[in-house]
There are 2 protein chains.
Amino acid sequence: METMNTASAPADEPQWLTAEEQRVWRAYLHATTLLEDHLDRQLQRDAGMPHIYYGLLVGLAEAPHRRLRMTELAMQAKITRSRLSHAVARLEKSGWVRREDCPSDKRGQFAVLTDAGLEVLRRTAPGHVSAVRQALFDRLTPEQQKSLGEIMQIVAEGLQPNEAGADLPWLR
Amino acid sequence: METMNTASAPADEPQWLTAEEQRVWRAYLHATTLLEDHLDRQLQRDAGMPHIYYGLLVGLAEAPHRRLRMTELAMQAKITRSRLSHAVARLEKSGWVRREDCPSDKRGQFAVLTDAGLEVLRRTAPGHVSAVRQALFDRLTPEQQKSLGEIMQIVAEGLQPNEAGADLPWLR
DNA sequence: ACCTCTTTGTTCAAGTTTCAAGGACAGGCG
DNA sequence: CGCCTGTCCTTGAAACTTGAACAAAGAGGT
């Protein structure tokens, strides 16, 4: 719990955000929560499921044979296996996903997108894409889009549990 | 989905995201969910509350007399009044916030940051700021930080029902 | 005063997420 | 084989979120 700052900041003083950094951080928080809420409501209304569940169906739709091992699906969606377990149970109840045993590993389960699941995607994808466009891409210049992609790529890599050579000094 | 259109902008065909846009969008989704999870866990561990609750305390700490009307606090945090009601109930149970009646409007309630609440903030803010730095600012160039701020500002404004000291003539 | 519409904040029920715990299998090693 | 140890996934309870419905009080108009 000690800070090891020695250079520009006093040893035990935290490095507060500058005024400019605060503006950026708040804008980030506002934009991300507003957008997430917006898309959640859009999908709940039009597809009957929250945004993250929709993302699961998309992940399955793009996978070979429309199926993925639970762990793979969880990693792709950046959620815990526990959360995925509950989510798939719900999607199964809705008839959009079905579970299948893995023949080669008896612990394993496949999540498989059903025809009904694919149909839901087909029906709701245009509206969702449109919502994303309206909220994000339509408002940004090509340069901003490019910049956003780079920035988010960097941030995501930095937080990936077991990737990238992030051996930064672990000061807190 | 197959049915691909050949023209650039057919009237009734959805405008799918380009490959580049998809990359940006996925990077955005991954980065934001990873960062949100990361900060949620950091604060749950160090402060005993989720990120959004922490934001409520910060909002109160910065308000005059460390107090805000429920609706104002909800707007500032970009959450519904219902959610805020539950959150404040929980924060009250933890002793970090207290409710007070509004004298001028008998329906109204103030959420007031207690001394214990301020103390929690004082104790945990450095660690949180540090976490934000490590995950975000330390990884971006000054130009990227600036760009991120602009982009998020635009997105937030686009989704805000209506804000910014806007006294615009609203045609009804 | 009266009536109506809006605002404020809460509550209920249903749904979702988290964390800790656990069952079942796989892989390696003596 | 028997015994670890790690991986895969599920479960249950508690915490959190959501949307609709609600009571109470303000705000205006007539």
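Computed from a prediction, not measured in an experiment: that's the story for all the values here.

Moving on, we come to the protein's contact with DNA strand C. Of all residues adjacent to DNA strand C, which total 22 residues, the nearest are Arg83 of chain A together with Thr71, Ser85, Arg99 and Arg107 of chain B. For DNA strand C, the backbone makes up 66% of the atoms found within 4 Å of the protein, where backbone means sugar plus phosphate. Contacts to DNA strand C include tyrosine 53 of chain A, whose side-chain N or O atom sits 3.1 Å from a phosphate oxygen. For DNA strand C, a phosphate oxygen lies 2.4 Å from a polar atom in the side chain of serine 85 of chain B. Contributions of two or more residues to the surface near DNA strand C are made by α2 (51-62) and α4 (81-93) of chain A together with α3 (70-77) and α4 (81-93) of chain B. Classifying every residue of the surface near DNA strand C gives four nonpolar, eight polar and ten charged.

So, on to the sheet that holds strand β3 (residues 109-113) of chain A. All names here are of chain A. One open sheet accounts for three strands, arranged β1-β3-β2; its pairing is antiparallel. Edge positions in the sheet fall to β1 (67-69) and β2 (97-101), since each of these pairs with one other strand and no more. The sheet shows a mean angle of 30 degrees between the axes of neighbouring strands, taken without regard to direction. By the bridge criterion, three bridges tie β1 to β3 in an arrangement that is antiparallel. Residue pairing across strands places arginine 69 opposite phenylalanine 110, the latter belonging to β3.

A word on the protein's contact with DNA strand D. Looking at DNA strand D, there are 22 residues lining it, with Thr71, Ser85, Arg99 and Arg107 of chain A together with Arg83 of chain B nearest. Here DNA strand D approaches the protein such that, of its atoms within 4 Å, sugar and phosphate make up 62%. Within the side chain of arginine 107 of chain A, one N or O atom sits 2.6 Å away from a base oxygen of DNA strand D. Taken together, the residues of the surface near DNA strand D sort by class into four nonpolar, eight polar and ten charged.

Grouped together as the largest cluster of nonpolar side chains are 44 residues, with contacts concentrated most on Trp25, Leu35, Leu148 and Met152 of chain A together with Trp25, Leu148 and Met152 of chain B. Sorting the residues of this core by element identifies α1 (19-47), α5 (115-135) and α6 (142-159) of chain A together with α1 (19-47), α5 (115-135) and α6 (142-159) of chain B as the ones contributing at least two each. Those residues within four positions of leucine 35 of chain A in sequence are excluded, and the remaining contacts are Ala135 of chain A together with Trp25, Tyr28, Val155 and Leu159 of chain B. Formed by 27 residues, the second largest nonpolar core is a distinct cluster that contains Tyr54, Ala63, Trp96 and Val120 of chain A.

Looking now at the pattern of salt bridges. Residues and elements named next belong to chain B. Enumeration according to the criterion identifies 24 salt bridges over all chains in this entry. In this structure, arginine 45 engages aspartate 46 in a salt bridge whose closest nitrogen and oxygen atoms are separated by 2.7 Å. Judged by relative accessible area, which is 56%, arginine 45 ranks as exposed. With a closest N to O distance of 2.9 Å, arginine 107 and aspartate 105 form a salt bridge. For aspartate 105, a relative accessible area of 19% corresponds to the buried category.

Parameters and conventions
- Residues numbered from 1 in each chain as written.
- Chains lettered and ligands numbered in written order.
- Predicted model: local features only at pLDDT ≥ 70, side-chain atom pairs only at ≥ 80, totals over all residues.
- Heavy atoms only, no water.
- Near = heavy atom within 4 Å.
- Polar contact = N/O pair within 3.5 Å; in protein donor to acceptor, adjacent residues only side chain to side chain.
- Helix = DSSP H or I, 4+ residues; strand = E, 2+ residues; numbered from the N terminus.
- Nonpolar A, V, L, I, M, F, W, Y, C, P; charged D, E, K, R; others polar.
- Pairing = 2+ DSSP bridges.
- Axes fitted to C-alpha atoms, helices over the stretch in contact; angles between N-to-C directions.
- Core = buried A, V, L, I, M, F, W, Y, C linked by side-chain atoms within 4.5 Å.
- Buried < 20%, exposed > 50% of the residue type's maximum accessible area, 1.4 Å probe, protein only.
- Contact = heavy atoms within 4.5 Å.
- Salt bridge = Lys/Arg side-chain N within 4 Å of Asp/Glu carboxyl O.

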